Amino acid sequence: MANERILVAEDEPDLRRMCIRALELAGFETVGAADGREAIALAKEEHFDALVTDVMMPDIGGLDAFRAIQAIRPDIASVVMTGFGTLETAIEAIRVGVYEFVLKPFRPDELTSAAERALARKRLETENARLSALIPLFDLSKVFMSSVDLKMVPKHVVHIAREEMHADTASLMLLADEHLLRLHSTEGVFADCPRPGDPAIGEGTAGRAISTRQPVSVKGDISDDPWALRTFGAEQVASAASVPLVHMDTALGVLNVARIGEAEPLTELDIEFLTLLASQAAVALANARMFSEIQEAYDRLAELDRLKSEFLNIAAHELRSPLAVILAYATLLEDEATGQMRQHLGQVVQGGMQLKSIIDEMVSLQHIDTGVARAQMADLDLATTVGDVLEDLHLLIQRKKMTTTVDIPSDLPAVRADEQVLHLILGSLVSNAVKFTPERGSIALSAHQEGDRVVVRVTDTGIGIPEEELERVFQRFYQIEPSLRRRHGGIGLGLAIAREMAGLIQAEITAESTVGVGSTFAVHLQRGGPRPAAAGQTE
């Protein structure tokens, strides 16, 4: 109440002073006017929350003065003092929007009570109007949040502002750089008036709004302000406002609306609505910009991924053929050579096999990422697949003078899997075991039925894996320590590819290990139907 201001219009000096005194004692800030004309003049210059006026005053009566003030301040409350309590006066007062009557003579407490009731009613109406305004804002927020098109968001904002404010024109200016505003979107009939360049920060209503980060209002003739002409598109405005768009303390632009002709002026509630709308618009605009940046980054990544896939395809084709020739002739020469020459050729073959393994891993990874890898499930004889894997890795196993054992029961059911995928998985696990097991070590492959699964285990006597690293070894390009990559070769893809390929055949890979003793990798496969008897073997 201490901030509420009341204008008292009464032509009798003594009664005017009594009214002012009573209202001030009640806690109101009060200003007196000797007649209706003075009251209108004061209302044009200052803000008042309520008007207390006598009905009968010379020149301009109280109701006529209230009408004029209401056109300036639509949200002002009103109390009428009258000594003529006729029905006609009451009807006329109600028609123009008077809240309370005080019949002369009256006590001071009757006047203050009437003023308090009028202001309370006005506050209630204001709050209801504010809540009513929030309903469309809630619906608009859903529209904004779903808008990610950087070109469409400003158009949405301008259209909504003009429609909700019943404005003749609306426009949105965005910061072109740190100092310049640029007209981005407009709606409504913009008059054919001069168009200056883009306003800078601090110039015109829009420039001042973004500079102060507060709404700026104008009315009347703005023809002498070229920036206002560009902002509102008319030389005469009944009421216009520029509201800044600010997101996370960053100014993005300005929203402008104007009512032209004889339209009612924008109220405080209208400005509040525009401020909330501008706040939501700023969030939507920032989100749209972020989405646009993310989309551009995604497009760049997609192009890089395409180039990567193309490179891998070319590399696989161009490298595999000459590598096969190198390995074939190097192996033939190694078989025929003796002494130191045989050792040198052995190193060539070993290096070639490592390079082949890396190429195979890169191609498998590309197939996984692009979705090319597909599984064709069938019942497979596990002993046959294990034998094929050991045959492929025979040279590596022989070169390290390692012992391998295979334990597959003859009555073990078939496994349900894709033949090539299962071969790749077991090949990766055995190759990993060979790589990290010292010379003259051993590798054991065993398979047993466990419930509705067949579990294949690859056990080595290698360096082992710390417990905290067991899951991380399945990550792409990961090895326990960088020195291992230099000592044993490879790029850390074998186990990652094995686990990802296992997902294609509804299998699972687990690991157990003891540092300095060795590791066991287990593949849990789907059980298939019965298989022909096959004895286990030892190499």
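Overview of the structure. (Residues numbered from 1 in each chain as written. Predicted model: local features only at pLDDT ≥ 70, side-chain atom pairs only at ≥ 80, totals over all residues. Heavy atoms only, no water.)

## Details of the pattern of salt bridges
So, step 1. Taken as a whole, this structure holds 20 salt bridges when the rule is applied.
So, step 2. For the salt bridge of Glu46 with Arg5, the shortest nitrogen-to-oxygen distance reads 2.9 Å. In this pair, Glu46 is assigned in the loop between helix H2 (36-45) and strand E3 (50-54) and Arg5 in strand E1 (residues 5-9), connecting sequence segments 41 residues apart.
So, step 3. The class of Arg5 is buried, set by a relative accessible area of 14%.
So, step 4. Put simply, Asp249 and Arg213 hold a salt bridge, and the shortest N to O gap is 3.1 Å. With Asp249 in the loop between strand E9 (236-247) and strand E10 (250-259) and Arg213 in the loop between helix H7 (204-212) and strand E8 (216-221), the pair connects residues that are 36 residues apart, well separated along the chain.
So, step 5. Several salt bridges share partner residues, and in doing so they unite Arg5, Glu29 and Glu46 into one network. (Salt bridge = Lys/Arg side-chain N within 4 Å of Asp/Glu carboxyl O. Helix = DSSP H or I, 4+ residues; strand = E, 2+ residues; numbered from the N terminus. Buried < 20%, exposed > 50% of the residue type's maximum accessible area, 1.4 Å probe, protein only.)

## Focus: the pairing of E3
So, step 1. Across the five residues of E3, five count as buried, placing the element largely inside the fold.
So, step 2. The alternating pattern of E3 places Ala50, Val52 and Asp54 and Leu51 and Thr53 on opposite faces, both of which are buried.
So, step 3. One ladder, built from five bridges, connects E3 with strand E4 (residues 77-82); its direction is parallel. Residue pairing in the sheet places Val52 in a bridge with Val79 of E4.
So, step 4. This β-α-β element, E3 to helix H3 (residues 62-72) to E4, shows right-handed connectivity. (Pairing = 2+ DSSP bridges. Right-handed = clockwise from strand over helix to strand, strands pointing away.)

## Things to note about the side chain of Ser428
So, step 1. With respect to the secondary-structure elements, Ser428 resides in helix H13 (residues 419-435).
So, step 2. Residue class for Ser428 comes out buried when judged on its relative accessible area of 15%.
So, step 3. Not counting chain neighbours up to four residues away, the residues in contact with Ser428 comprise Gly494 and Ala498. (Contact = heavy atoms within 4.5 Å.)

## A word on the nonpolar core
The nonpolar side chains of a soluble globular protein tend to be buried with one another.
So, step 1. Counting residues in hydrophobic clusters, the biggest one holds 52 residues, and the most contacted among them are Leu382, Ile425 and Leu525.
So, step 2. With eight residues, H13 is the largest single contributor of residues to this core.
So, step 3. Those residues in contact with Leu382 that lie beyond four places of it in its chain are Ile408, Leu412, Val415, Leu422, Leu426, Ala447, Val454, Val456 and Leu525.
So, step 4. Core analysis: the second largest hydrophobic core is formed by 27 residues, Val157, Ala161, Ala167 and Ala241 among them. (Core = buried A, V, L, I, M, F, W, Y, C linked by side-chain atoms within 4.5 Å.)

## Here we look at the sheet that holds strand E2 (residues 29-33)
So, step 1. Strand order in the open sheet formed by five strands is E2-E1-E3-E4-E5, with parallel pairing between adjacent strands. At either margin of the open sheet sits one strand with a lone partner, and together these are E2 and strand E5 (100-103). Neighbour-to-neighbour, the strand axes of this sheet turn through a mean angle of 20°, independent of strand direction.
So, step 2. Of the strand pairs in this sheet, E1 and E2 are connected by five bridges, and their pairing is parallel. (Axes fitted to C-alpha atoms, helices over the stretch in contact; angles between N-to-C directions.)

## Some thoughts on the packing of helix H11 (residues 382-392) against H13
So, step 1. Orientation of H11 relative to H13, taken along the N-to-C sense of each, is 50°, at an axis distance of 9 Å. Compared by their axis directions, H11 and H13 come out oblique. Seen from above, H11 lies across H13 with right-handed handedness. Counted together, Leu382, Thr385, Val386, Asp388, Val389, Leu390 and Asp392 of H11 and Leu422, His423, Leu426, Gly427 and Val430 of H13 form the full contact between these two elements.
So, step 2. Classifying every residue of the contact of H11 with H13 by side-chain character gives seven nonpolar, three polar and two charged. (Parallel < 35°, antiparallel > 145°, perpendicular 65-115°, else oblique. Left-handed = near helix turned anticlockwise from the far one by under 90°. Nonpolar A, V, L, I, M, F, W, Y, C, P; charged D, E, K, R; others polar.)

## Examining the packing of aromatic side chains
So, step 1. Enumeration according to the criterion identifies one aromatic pair in this entry.
So, step 2. Ring centres of Phe474 and Phe521 lie 6.1 Å apart, and the angle between their planes is 75°; this geometry places the pair in the edge-to-face category. Taken together, the residues span a long stretch of sequence, with Phe474 in the loop between strand E15 (453-460) and helix H14 (482-488) and Phe521 in strand E17 (residues 518-527) at a distance of 47 residues.
So, step 3. Positioned above the aromatic ring of Tyr99 is the side chain of Arg121, whose terminal nitrogen or guanidinium carbon lies 4.2 Å from the ring centre. (Phe/Tyr/Trp six-rings, centres within 6.5 Å; stacked < 30°, edge-to-face > 60°. Lys NZ or Arg CZ within 6 Å of the ring centre and 35° of its normal.)

## Focus: the packing of H13 against helix H15 (residues 494-504)
When two helices pack together, their arrangement is given by the angle between the helix axes and by the axis-to-axis distance.
So, step 1. Two elements in contact, H13 and H15, have axes separated by 9 Å at closest approach and are oriented at 150°. Between H13 and H15, the angle falls in the class roughly antiparallel. Between H13 and H15 lies a crossing of left-handed hand. Residue-level inspection shows Val421, Leu424, Ile425, Ser428, Leu429 and Asn432 of H13 in contact with H15, the latter providing Gly494, Leu495, Ile497, Ala498, Met501 and Ala502.
So, step 2. Each residue belonging to the contact of H13 with H15 can be placed in one class, and the counts come to nine nonpolar, three polar and no charged.

## Some thoughts on helix H6 (residues 152-165)
So, step 1. With 14 residues, H6 ought to run about 20 Å at 1.5 Å a step, and its terminal C-alpha atoms sit 20 Å apart, in line with that.
So, step 2. The positive-phi residue at the C-terminal boundary of H6 is His166, with phi of around 50°. (Expected span 1.5 Å × (residues − 1).)

## Let's talk about the sheet that holds E8
So, step 1. Sheet architecture is open: five strands sit in the order E7-E6-E10-E9-E8, paired in antiparallel fashion. Since the sheet does not close on itself, it has two edges, and those belong to strand E7 (181-188) and E8, each with one partner. Taken over all neighbouring pairs, the strand axes of this sheet differ in orientation by 20° on average, direction set aside.
So, step 2. Sheet topology places strand E6 (residues 169-175) next to E7; seven bridges connect them, and they run antiparallel. Bridge pairing in E7 links Thr169 to Gly188.
So, step 3. Lying on the sheet, H6 is in contact with E6, E7 and E10; it crosses E7 at an angle near 50°.

## Section: unusual backbone geometry
So, step 1. Omega for the peptide link from Lys104 to Pro105 comes to -10°, which places this bond in the cis form.
So, step 2. Inspection of the secondary structure puts Pro105 in the loop between E5 and helix H5 (108-145).
So, step 3. The residue Met248 is not glycine, and still its phi comes out positive at about 50°.
So, step 4. Positive phi values are uncommon outside glycine, yet Gln506 reaches one of about 55°.
So, step 5. Looking at the secondary structure, you find Gln506 in the loop between H15 and strand E16 (508-514).

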